[in-house]
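Residues per chain are reported as follows:
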Amino acid sequence: MTPSEIDSIRAAFPILSQKVHARRPLVYLDNAATSQTPASVVDAIREAYFTSKANVHRGVHCLSQKATADMEAGREAVRDFIGAESSSEIIFTRGTTEALNLVASSYGSLLRQGDTVVLTQMEHHSNIVPWQLLADRKGISIKVVPVLENGSLDMEAYRRLLDEGPALVSVAHISNVLGTVNPIKEMARMARDAGAVFVCDGAQGVAHEKIDVRDLGVDFYAFSAHKMYGPTGIGALYGRADLLDKMPPYQGGGEMIGHVSFEHGTTWADLPYKFEAGTPDFIGASAIKAAIEFMHSTGIERMKEHEDRLLHYTTERMLEAVPDLHIYGTAPGKSSVISFLIPGAHHYDTGILLDQLGIAVRTGHHCAQPLMERFGIEGTVRASFAVYNTFEEIDAFIEALKKVNAMLR
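Notes on the structure follow. (Residues numbered from 1 in each chain as written. Predicted model: local features only at pLDDT ≥ 70, side-chain atom pairs only at ≥ 80, totals over all residues. Heavy atoms only, no water.)

1. Some remarks on the overall build of the chain
Helices and strands together make up the secondary structure of the chain, namely 14 helices and 17 strands. The C-alpha atoms of the chain give 22 Å as radius of gyration, which agrees with the globular expectation for 409 residues (22 Å, within 12%). If one aligns the C-alpha atoms of the chain with their principal axes, the spans along those axes are about 75 × 55 × 35 Å. Counting across all 409 residues of the chain, residues that qualify as buried make up 56%. Distance between charge centres in the chain, computed from 38 positive and 50 negative side chains, equals 2 Å. (Helix = DSSP H or I, 4+ residues; strand = E, 2+ residues; numbered from the N terminus. Rg over C-alpha atoms; globule rule 2.2 N^0.38 Å. Buried < 20%, exposed > 50% of the residue type's maximum accessible area, 1.4 Å probe, protein only. Lys, Arg positive; Asp, Glu negative; His and termini not counted. Charge placed at Lys NZ, Arg CZ, Asp CG, Glu CD.)

As C-alpha coordinates, this is what we get:
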(Lines give C-alpha, C1' and ligand atoms only; values in the text may rest on other atoms or scores of the structure.)
Protein backbone atom coordinates (compact mmCIF):
# COMPACT_ATOMS: atom_id res chain seq x y z
CA MET A 1 0.00 0.00 0.00
CA THR A 2 1.20 3.51 -0.78
CA PRO A 3 1.57 6.17 1.92
CA SER A 4 -1.35 8.08 0.42
CA GLU A 5 -3.55 4.97 0.65
CA ILE A 6 -2.63 4.52 4.29
CA ASP A 7 -3.35 8.21 4.94
CA SER A 8 -6.78 7.73 3.38
CA ILE A 9 -7.43 4.70 5.58
CA ARG A 10 -6.27 6.55 8.70
CA ALA A 11 -8.72 9.36 7.96
CA ALA A 12 -11.53 6.91 8.65
CA PHE A 13 -10.24 6.42 12.23
CA PRO A 14 -10.50 9.77 14.07
CA ILE A 15 -9.14 8.26 17.31
CA LEU A 16 -5.72 7.88 15.69
CA SER A 17 -5.27 11.63 15.28
CA GLN A 18 -5.46 12.46 18.97
CA LYS A 19 -2.59 13.36 21.27
CA VAL A 20 -2.00 11.64 24.60
CA HIS A 21 -0.35 12.90 27.75
CA ALA A 22 -1.16 16.41 26.51
CA ARG A 23 1.26 16.66 23.62
CA ARG A 24 2.37 13.33 22.14
CA PRO A 25 0.80 11.86 19.00
CA LEU A 26 -0.82 8.51 19.73
CA VAL A 27 0.92 5.48 18.24
CA TYR A 28 -1.55 2.65 18.71
CA LEU A 29 0.19 -0.74 18.71
CA ASP A 30 -2.31 -2.75 20.76
CA ASN A 31 -4.34 -4.15 17.89
CA ALA A 32 -4.16 -7.78 19.02
CA ALA A 33 -6.19 -6.75 22.07
CA THR A 34 -8.67 -4.68 20.06
CA SER A 35 -8.49 -2.88 16.75
CA GLN A 36 -9.89 0.60 16.27
CA THR A 37 -13.20 1.17 14.50
CA PRO A 38 -13.68 3.15 11.28
CA ALA A 39 -16.30 5.87 10.99
CA SER A 40 -18.38 3.72 8.64
CA VAL A 41 -18.99 1.16 11.41
CA VAL A 42 -19.82 3.85 13.96
CA ASP A 43 -22.17 5.44 11.42
CA ALA A 44 -23.91 2.08 10.94
CA ILE A 45 -24.43 1.78 14.69
CA ARG A 46 -25.71 5.35 14.96
CA GLU A 47 -28.05 4.85 12.01
CA ALA A 48 -29.49 1.67 13.53
CA TYR A 49 -30.12 3.29 16.90
CA PHE A 50 -31.79 6.29 15.34
CA THR A 51 -33.86 4.59 12.64
CA SER A 52 -34.56 0.94 13.46
CA LYS A 53 -34.09 0.12 17.15
CA ALA A 54 -36.75 -2.49 17.81
CA ASN A 55 -36.65 -6.06 19.04
CA VAL A 56 -35.96 -8.51 16.27
CA HIS A 57 -37.85 -11.61 15.09
CA ARG A 58 -40.85 -10.81 17.26
CA GLY A 59 -42.68 -7.85 15.82
CA VAL A 60 -45.00 -7.30 12.89
CA HIS A 61 -44.33 -3.56 12.79
CA CYS A 62 -41.94 -1.99 10.33
CA LEU A 63 -39.12 -1.11 12.76
CA SER A 64 -38.90 -4.67 14.03
CA GLN A 65 -38.92 -6.01 10.51
CA LYS A 66 -36.15 -3.61 9.45
CA ALA A 67 -34.03 -4.44 12.50
CA THR A 68 -34.51 -8.13 11.78
CA ALA A 69 -33.53 -7.69 8.14
CA ASP A 70 -30.42 -5.72 9.14
CA MET A 71 -29.35 -8.33 11.68
CA GLU A 72 -29.82 -11.17 9.22
CA ALA A 73 -27.90 -9.20 6.59
CA GLY A 74 -25.06 -9.09 9.12
CA ARG A 75 -25.31 -12.84 9.56
CA GLU A 76 -25.19 -13.36 5.80
CA ALA A 77 -22.16 -11.04 5.57
CA VAL A 78 -20.38 -13.17 8.19
CA ARG A 79 -21.31 -16.36 6.32
CA ASP A 80 -19.83 -15.01 3.11
CA PHE A 81 -16.78 -13.57 4.90
CA ILE A 82 -15.71 -16.92 6.35
CA GLY A 83 -16.98 -19.16 3.55
CA ALA A 84 -19.66 -21.06 5.49
CA GLU A 85 -22.20 -23.02 3.51
CA SER A 86 -25.31 -21.62 5.21
CA SER A 87 -26.17 -18.63 7.38
CA SER A 88 -27.86 -21.11 9.75
CA GLU A 89 -24.32 -22.18 10.70
CA ILE A 90 -23.53 -18.68 12.03
CA ILE A 91 -24.40 -18.11 15.68
CA PHE A 92 -24.02 -14.62 17.12
CA THR A 93 -22.27 -14.48 20.50
CA ARG A 94 -20.71 -11.80 22.65
CA GLY A 95 -17.32 -12.72 21.22
CA THR A 96 -14.74 -15.47 20.94
CA THR A 97 -14.83 -16.29 24.64
CA GLU A 98 -18.56 -16.94 24.69
CA ALA A 99 -18.35 -18.86 21.42
CA LEU A 100 -15.71 -21.22 22.82
CA ASN A 101 -17.68 -21.60 26.05
CA LEU A 102 -20.73 -22.48 23.95
CA VAL A 103 -18.85 -25.29 22.24
CA ALA A 104 -17.32 -26.56 25.49
CA SER A 105 -20.66 -26.50 27.28
CA SER A 106 -22.97 -27.71 24.51
CA TYR A 107 -20.87 -30.02 22.37
CA GLY A 108 -18.93 -30.91 25.50
CA SER A 109 -22.11 -32.32 27.04
CA LEU A 110 -21.98 -35.02 24.36
CA LEU A 111 -18.53 -36.17 25.44
CA ARG A 112 -18.18 -39.09 27.81
CA GLN A 113 -16.16 -39.65 30.94
CA GLY A 114 -12.63 -40.59 29.94
CA ASP A 115 -12.72 -38.80 26.57
CA THR A 116 -9.68 -36.69 25.75
CA VAL A 117 -9.54 -33.08 24.55
CA VAL A 118 -6.29 -31.89 22.95
CA LEU A 119 -5.21 -28.27 23.42
CA THR A 120 -1.88 -26.53 22.88
CA GLN A 121 0.54 -24.75 25.16
CA MET A 122 -0.05 -21.46 23.37
CA GLU A 123 -3.81 -21.21 23.94
CA HIS A 124 -5.55 -18.14 25.30
CA HIS A 125 -7.27 -18.75 28.63
CA SER A 126 -10.63 -18.66 26.85
CA ASN A 127 -9.58 -21.85 25.07
CA ILE A 128 -8.28 -23.50 28.23
CA VAL A 129 -10.59 -22.69 31.14
CA PRO A 130 -13.89 -23.79 29.50
CA TRP A 131 -12.35 -27.22 28.85
CA GLN A 132 -11.07 -27.41 32.42
CA LEU A 133 -14.58 -26.64 33.67
CA LEU A 134 -15.86 -29.41 31.41
CA ALA A 135 -13.23 -31.77 32.79
CA ASP A 136 -14.47 -31.05 36.31
CA ARG A 137 -18.08 -31.78 35.28
CA LYS A 138 -17.63 -34.70 32.92
CA GLY A 139 -14.38 -36.37 33.89
CA ILE A 140 -12.70 -35.82 30.54
CA SER A 141 -8.91 -35.51 30.32
CA ILE A 142 -6.95 -32.67 28.72
CA LYS A 143 -3.67 -33.23 26.90
CA VAL A 144 -1.43 -30.47 25.62
CA VAL A 145 0.71 -30.04 22.49
CA PRO A 146 4.05 -28.44 23.48
CA VAL A 147 5.46 -25.29 21.89
CA LEU A 148 8.97 -25.33 20.43
CA GLU A 149 11.57 -22.69 21.21
CA ASN A 150 10.74 -20.63 18.11
CA GLY A 151 7.03 -20.59 18.95
CA SER A 152 5.91 -23.31 16.56
CA LEU A 153 3.81 -26.25 17.70
CA ASP A 154 5.54 -29.60 18.16
CA MET A 155 3.73 -31.38 15.32
CA GLU A 156 5.31 -34.72 16.15
CA ALA A 157 3.82 -34.50 19.62
CA TYR A 158 0.48 -33.58 18.02
CA ARG A 159 0.60 -36.70 15.86
CA ARG A 160 1.33 -38.86 18.89
CA LEU A 161 -1.62 -37.38 20.79
CA LEU A 162 -3.91 -38.03 17.82
CA ASP A 163 -2.79 -41.66 17.83
CA GLU A 164 -4.37 -41.91 21.29
CA GLY A 165 -7.82 -41.23 19.79
CA PRO A 166 -8.98 -37.90 21.29
CA ALA A 167 -12.60 -36.85 20.92
CA LEU A 168 -11.85 -33.18 20.23
CA VAL A 169 -9.00 -30.83 19.36
CA SER A 170 -9.15 -27.06 20.00
CA VAL A 171 -6.39 -24.80 18.67
CA ALA A 172 -5.74 -21.09 18.10
CA HIS A 173 -5.44 -20.07 14.46
CA ILE A 174 -2.83 -17.45 15.38
CA SER A 175 -1.14 -17.07 18.76
CA ASN A 176 -2.01 -13.76 20.39
CA VAL A 177 1.43 -13.76 22.05
CA LEU A 178 3.83 -15.28 19.54
CA GLY A 179 2.16 -14.40 16.23
CA THR A 180 2.58 -18.04 15.19
CA VAL A 181 0.21 -18.97 12.36
CA ASN A 182 -0.68 -22.57 13.02
CA PRO A 183 -1.19 -25.01 10.11
CA ILE A 184 -4.91 -25.24 10.78
CA LYS A 185 -5.86 -26.94 7.52
CA GLU A 186 -3.30 -29.70 8.10
CA MET A 187 -4.17 -30.02 11.79
CA ALA A 188 -7.90 -30.23 11.05
CA ARG A 189 -7.33 -32.93 8.43
CA MET A 190 -5.22 -34.93 10.84
CA ALA A 191 -7.84 -34.57 13.57
CA ARG A 192 -10.60 -35.66 11.20
CA ASP A 193 -8.58 -38.71 10.15
CA ALA A 194 -8.22 -39.56 13.85
CA GLY A 195 -11.98 -39.23 14.40
CA ALA A 196 -11.78 -36.00 16.41
CA VAL A 197 -13.87 -32.85 16.13
CA PHE A 198 -11.74 -29.76 15.41
CA VAL A 199 -12.39 -26.37 17.04
CA CYS A 200 -10.47 -23.25 15.99
CA ASP A 201 -10.06 -20.07 18.05
CA GLY A 202 -10.01 -17.52 15.25
CA ALA A 203 -9.83 -14.38 17.38
CA GLN A 204 -6.49 -13.37 15.86
CA GLY A 205 -7.11 -15.03 12.50
CA VAL A 206 -10.03 -13.08 11.07
CA ALA A 207 -8.22 -9.73 11.00
CA HIS A 208 -5.10 -11.01 9.26
CA GLU A 209 -6.00 -14.01 7.09
CA LYS A 210 -8.57 -14.77 4.39
CA ILE A 211 -10.79 -17.31 6.12
CA ASP A 212 -12.62 -20.14 4.39
CA VAL A 213 -13.92 -22.55 6.99
CA ARG A 214 -14.82 -25.22 4.44
CA ASP A 215 -11.37 -25.11 2.87
CA LEU A 216 -9.75 -25.23 6.32
CA GLY A 217 -11.90 -28.21 7.19
CA VAL A 218 -12.72 -27.00 10.71
CA ASP A 219 -15.86 -28.06 12.56
CA PHE A 220 -16.12 -24.88 14.65
CA TYR A 221 -14.53 -21.44 14.20
CA ALA A 222 -14.92 -18.68 16.81
CA PHE A 223 -14.09 -14.98 16.54
CA SER A 224 -14.85 -11.46 17.80
CA ALA A 225 -15.85 -8.39 15.81
CA HIS A 226 -13.77 -5.94 17.86
CA LYS A 227 -10.50 -7.45 16.59
CA MET A 228 -11.55 -6.96 12.95
CA TYR A 229 -12.49 -3.24 13.04
CA GLY A 230 -16.02 -3.94 14.30
CA PRO A 231 -17.97 -3.12 17.47
CA THR A 232 -17.30 -4.59 20.89
CA GLY A 233 -19.55 -7.12 22.57
CA ILE A 234 -20.42 -9.09 19.43
CA GLY A 235 -18.82 -12.07 17.76
CA ALA A 236 -19.75 -15.27 16.03
CA LEU A 237 -19.39 -19.01 16.13
CA TYR A 238 -19.37 -21.02 12.94
CA GLY A 239 -20.43 -24.61 13.46
CA ARG A 240 -21.12 -27.39 11.00
CA ALA A 241 -24.89 -27.77 10.77
CA ASP A 242 -24.90 -31.51 11.46
CA LEU A 243 -22.99 -30.95 14.70
CA LEU A 244 -25.09 -27.98 15.78
CA ASP A 245 -28.26 -29.97 15.15
CA LYS A 246 -27.36 -32.63 17.68
CA MET A 247 -26.06 -30.22 20.32
CA PRO A 248 -28.34 -29.13 23.19
CA PRO A 249 -29.01 -25.40 23.70
CA TYR A 250 -26.36 -23.43 25.53
CA GLN A 251 -28.84 -21.11 27.29
CA GLY A 252 -32.60 -21.08 27.76
CA GLY A 253 -35.03 -18.21 27.30
CA GLY A 254 -36.89 -16.35 24.66
CA GLU A 255 -36.13 -16.70 20.96
CA MET A 256 -34.47 -20.11 21.19
CA ILE A 257 -37.72 -22.05 21.64
CA GLY A 258 -40.18 -23.72 19.31
CA HIS A 259 -42.89 -24.25 21.92
CA VAL A 260 -42.92 -24.07 25.72
CA SER A 261 -45.35 -26.06 27.84
CA PHE A 262 -45.42 -27.08 31.49
CA GLU A 263 -47.26 -30.24 30.48
CA HIS A 264 -45.24 -31.32 27.46
CA GLY A 265 -41.87 -29.62 27.94
CA THR A 266 -40.09 -27.38 25.47
CA THR A 267 -38.99 -27.77 21.89
CA TRP A 268 -36.18 -25.78 20.30
CA ALA A 269 -36.13 -23.30 17.46
CA ASP A 270 -34.32 -24.12 14.24
CA LEU A 271 -30.68 -23.19 13.69
CA PRO A 272 -29.15 -20.80 14.43
CA TYR A 273 -31.74 -19.42 16.83
CA LYS A 274 -31.56 -22.47 19.11
CA PHE A 275 -28.33 -20.97 20.44
CA GLU A 276 -29.39 -17.30 20.62
CA ALA A 277 -31.48 -17.02 23.77
CA GLY A 278 -32.87 -13.61 24.71
CA THR A 279 -32.70 -10.30 22.93
CA PRO A 280 -29.51 -10.36 20.87
CA ASP A 281 -27.16 -7.47 20.16
CA PHE A 282 -28.94 -6.84 16.90
CA ILE A 283 -27.28 -3.43 16.54
CA GLY A 284 -23.82 -4.97 16.78
CA ALA A 285 -24.81 -7.86 14.55
CA SER A 286 -25.91 -5.47 11.83
CA ALA A 287 -22.76 -3.33 12.25
CA ILE A 288 -20.51 -6.35 11.59
CA LYS A 289 -21.57 -5.97 7.96
CA ALA A 290 -19.98 -2.50 7.84
CA ALA A 291 -16.73 -3.84 9.34
CA ILE A 292 -16.61 -6.61 6.76
CA GLU A 293 -17.30 -4.11 3.98
CA PHE A 294 -14.38 -2.00 5.25
CA MET A 295 -12.07 -5.01 5.10
CA HIS A 296 -13.31 -6.06 1.66
CA SER A 297 -12.96 -2.55 0.23
CA THR A 298 -9.44 -2.23 1.64
CA GLY A 299 -8.49 -5.73 0.51
CA ILE A 300 -7.68 -8.42 3.05
CA GLU A 301 -4.65 -9.66 1.12
CA ARG A 302 -3.31 -6.11 0.75
CA MET A 303 -3.89 -5.48 4.45
CA LYS A 304 -1.88 -8.59 5.30
CA GLU A 305 0.96 -7.56 2.96
CA HIS A 306 1.19 -4.16 4.64
CA GLU A 307 1.12 -5.67 8.14
CA ASP A 308 3.81 -8.19 7.19
CA ARG A 309 6.06 -5.39 5.94
CA LEU A 310 5.52 -3.53 9.21
CA LEU A 311 6.35 -6.69 11.17
CA HIS A 312 9.63 -7.31 9.36
CA TYR A 313 10.67 -3.64 9.46
CA THR A 314 9.88 -3.35 13.18
CA THR A 315 11.70 -6.56 14.05
CA GLU A 316 14.88 -5.42 12.30
CA ARG A 317 14.73 -1.93 13.82
CA MET A 318 14.12 -3.25 17.33
CA LEU A 319 17.10 -5.60 17.22
CA GLU A 320 19.29 -2.77 15.91
CA ALA A 321 18.11 -0.40 18.65
CA VAL A 322 18.44 -2.92 21.51
CA PRO A 323 20.80 -5.70 20.32
CA ASP A 324 20.20 -7.97 23.33
CA LEU A 325 16.42 -7.51 23.28
CA HIS A 326 14.64 -10.88 23.39
CA ILE A 327 11.74 -11.56 21.01
CA TYR A 328 9.41 -14.43 21.84
CA GLY A 329 8.00 -16.08 18.73
CA THR A 330 10.16 -16.37 15.64
CA ALA A 331 8.27 -19.04 13.72
CA PRO A 332 8.39 -18.74 9.92
CA GLY A 333 5.42 -16.91 8.43
CA LYS A 334 4.33 -15.42 11.75
CA SER A 335 1.61 -12.77 11.91
CA SER A 336 1.85 -9.14 12.96
CA VAL A 337 2.66 -9.50 16.67
CA ILE A 338 5.97 -8.92 18.45
CA SER A 339 6.31 -9.97 22.09
CA PHE A 340 9.58 -8.92 23.68
CA LEU A 341 11.51 -8.14 26.83
CA ILE A 342 14.35 -5.75 27.50
CA PRO A 343 16.88 -7.73 29.60
CA GLY A 344 16.72 -6.70 33.26
CA ALA A 345 13.57 -4.61 32.77
CA HIS A 346 10.08 -5.55 33.94
CA HIS A 347 7.52 -5.68 31.14
CA TYR A 348 5.14 -3.44 33.09
CA ASP A 349 7.79 -0.72 33.58
CA THR A 350 8.61 -0.85 29.87
CA GLY A 351 4.96 -0.47 28.92
CA ILE A 352 4.36 2.42 31.33
CA LEU A 353 7.34 4.37 30.03
CA LEU A 354 6.40 3.72 26.39
CA ASP A 355 2.92 5.00 27.15
CA GLN A 356 4.36 8.23 28.55
CA LEU A 357 6.08 8.65 25.18
CA GLY A 358 2.82 8.13 23.28
CA ILE A 359 3.22 4.44 22.39
CA ALA A 360 0.30 2.16 23.26
CA VAL A 361 1.42 -1.45 23.74
CA ARG A 362 0.14 -4.35 25.86
CA THR A 363 2.01 -5.80 28.85
CA GLY A 364 1.45 -8.87 31.00
CA HIS A 365 0.76 -12.53 30.39
CA HIS A 366 -1.81 -11.78 27.66
CA CYS A 367 -4.21 -14.39 29.07
CA ALA A 368 -1.67 -17.09 28.20
CA GLN A 369 -0.04 -18.01 31.50
CA PRO A 370 0.85 -21.61 30.52
CA LEU A 371 2.79 -20.18 27.58
CA MET A 372 4.61 -17.76 29.88
CA GLU A 373 5.51 -20.67 32.15
CA ARG A 374 6.86 -22.59 29.15
CA PHE A 375 9.33 -19.75 28.47
CA GLY A 376 10.07 -19.16 32.16
CA ILE A 377 8.77 -15.59 32.28
CA GLU A 378 5.92 -13.69 33.94
CA GLY A 379 4.93 -11.67 30.90
CA THR A 380 6.06 -9.70 27.88
CA VAL A 381 5.61 -6.38 26.15
CA ARG A 382 3.54 -6.86 23.01
CA ALA A 383 3.37 -4.60 19.96
CA SER A 384 0.77 -5.57 17.36
CA PHE A 385 -0.13 -4.01 14.04
CA ALA A 386 -3.13 -3.13 11.92
CA VAL A 387 -3.60 -1.75 8.44
CA TYR A 388 -3.62 1.87 9.63
CA ASN A 389 -0.18 1.72 11.25
CA THR A 390 2.65 3.47 9.41
CA PHE A 391 6.39 3.14 9.09
CA GLU A 392 6.69 6.62 10.62
CA GLU A 393 4.87 5.29 13.69
CA ILE A 394 7.32 2.41 13.87
CA ASP A 395 10.21 4.85 13.77
CA ALA A 396 8.61 6.76 16.65
CA PHE A 397 8.20 3.49 18.55
CA ILE A 398 11.87 2.60 18.03
CA GLU A 399 13.05 6.00 19.26
CA ALA A 400 10.84 5.61 22.32
CA LEU A 401 12.18 2.09 22.88
CA LYS A 402 15.76 3.42 22.81
CA LYS A 403 14.89 5.99 25.49
CA VAL A 404 13.16 3.38 27.66
CA ASN A 405 16.09 1.00 27.30
CA ALA A 406 18.44 3.75 28.47
CA MET A 407 16.20 4.54 31.45
CA LEU A 408 15.82 0.95 32.63
CA ARG A 409 19.35 -0.40 32.09
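That shown, we press on.
2. Observations concerning the packing of helix α3 (residues 62-82) against helix α10 (residues 282-298)
Where α3 meets α10, the axes come as close as 7 Å, and the angle between the chain directions of the two elements is 40 degrees. Classified by the angle their axes make, α3 and α10 are oblique. With respect to the hand of their crossing, α3 and α10 are arranged in left-handed fashion. Residues Ala67, Asp70, Met71, Ala73, Gly74, Ala77, Val78, Asp80 and Phe81 of α3 lie in contact with α10, whose contacting residues are Phe282, Ala285, Ser286, Ile288, Lys289, Ile292, Met295 and His296. Along the lines of polarity and charge, the residues of the contact of α3 with α10 split into 11 nonpolar, three polar and three charged. (Axes fitted to C-alpha atoms, helices over the stretch in contact; angles between N-to-C directions. Parallel < 35°, antiparallel > 145°, perpendicular 65-115°, else oblique. Left-handed = near helix turned anticlockwise from the far one by under 90°. Contact = heavy atoms within 4.5 Å. Nonpolar A, V, L, I, M, F, W, Y, C, P; charged D, E, K, R; others polar.)

3. Overview of the pairing of strand β6 (residues 141-145)
As paired strands, strand β5 (residues 116-120) and β6 are joined by five bridges and run parallel to one another. From the neighbouring strand, Thr116 faces β6, where its bridge partner is Ser141. Taking the sense of rotation as the criterion, the β-α-β connection linking β5, helix α5 (residues 129-138) and β6 turns out right-handed. (Pairing = 2+ DSSP bridges. Right-handed = clockwise from strand over helix to strand, strands pointing away.)

4. Points about the sheet that holds strand β10 (residues 235-239)
Taking strand neighbours across the sheet as the criterion, the seven strands line up as β4-β10-β9-β8-β7-β5-β6 in an open arrangement whose pairing is mixed. In this open sheet, the two edge strands, each paired with only one partner strand, are β4 (90-93) and β6. Each adjacent strand pair in this sheet contributes to an overall mean axis angle of 20 degrees, direction not counted. Where strand β7 (residues 168-172) lies against strand β8 (residues 197-201), five bridges are found, and the strand directions are parallel. The residue of β8 that forms the bridge with Val169 is Phe198.

5. Some details on the sheet that holds strand β17 (residues 380-384)
In a beta sheet, neighbouring strands are held together by backbone hydrogen bonds and run either parallel or antiparallel to one another. A sheet is described by the order of its strands in space; here four strands give the open sequence β13-β14-β17-β16, paired in antiparallel fashion. Looking at the sheet topology across the chains shown, the edges are occupied by β13 (326-328) and β16 (362-364). Along the sheet, successive strands turn relative to each other by an average axial angle of 30 degrees, direction set aside. As defined by bridge partners, β16 adjoins β17 across three bridges and the pair is classed as antiparallel. By the bridge assignment, Gly364 is partnered in β17 with Thr380.

6. Considering the environment of Lys304
Turning to its location among the elements, Lys304 is positioned in helix α11 (residues 300-321). Judged by relative accessible area, which is 24%, Lys304 ranks as partly exposed. Taking C-alpha positions, Lys304 is 7.0 Å from Glu209, a pair spaced 95 residues apart along the chain.

7. Some thoughts on the pattern of salt bridges
Under the criterion given, the structure shown has 24 salt bridges. Residues Arg362 and Asp30 are paired through a salt bridge, measuring 2.6 Å at the closest nitrogen-oxygen approach. On the criterion of sequence distance, the pair formed by Arg362 in strand β16 and Asp30 in the loop between β3 (27-28) and α2 (39-51) is long-range, its members being 332 residues apart. With relative accessibility at 6%, the residue Asp30 sits in the buried group. The closest approach of N and O atoms between Lys66 and Asp70, which form a salt bridge, is 3.0 Å. Note that Lys66 and Asp70 are positioned in helix α3 at a spacing of four residues, about one turn of the helix. (Salt bridge = Lys/Arg side-chain N within 4 Å of Asp/Glu carboxyl O.)

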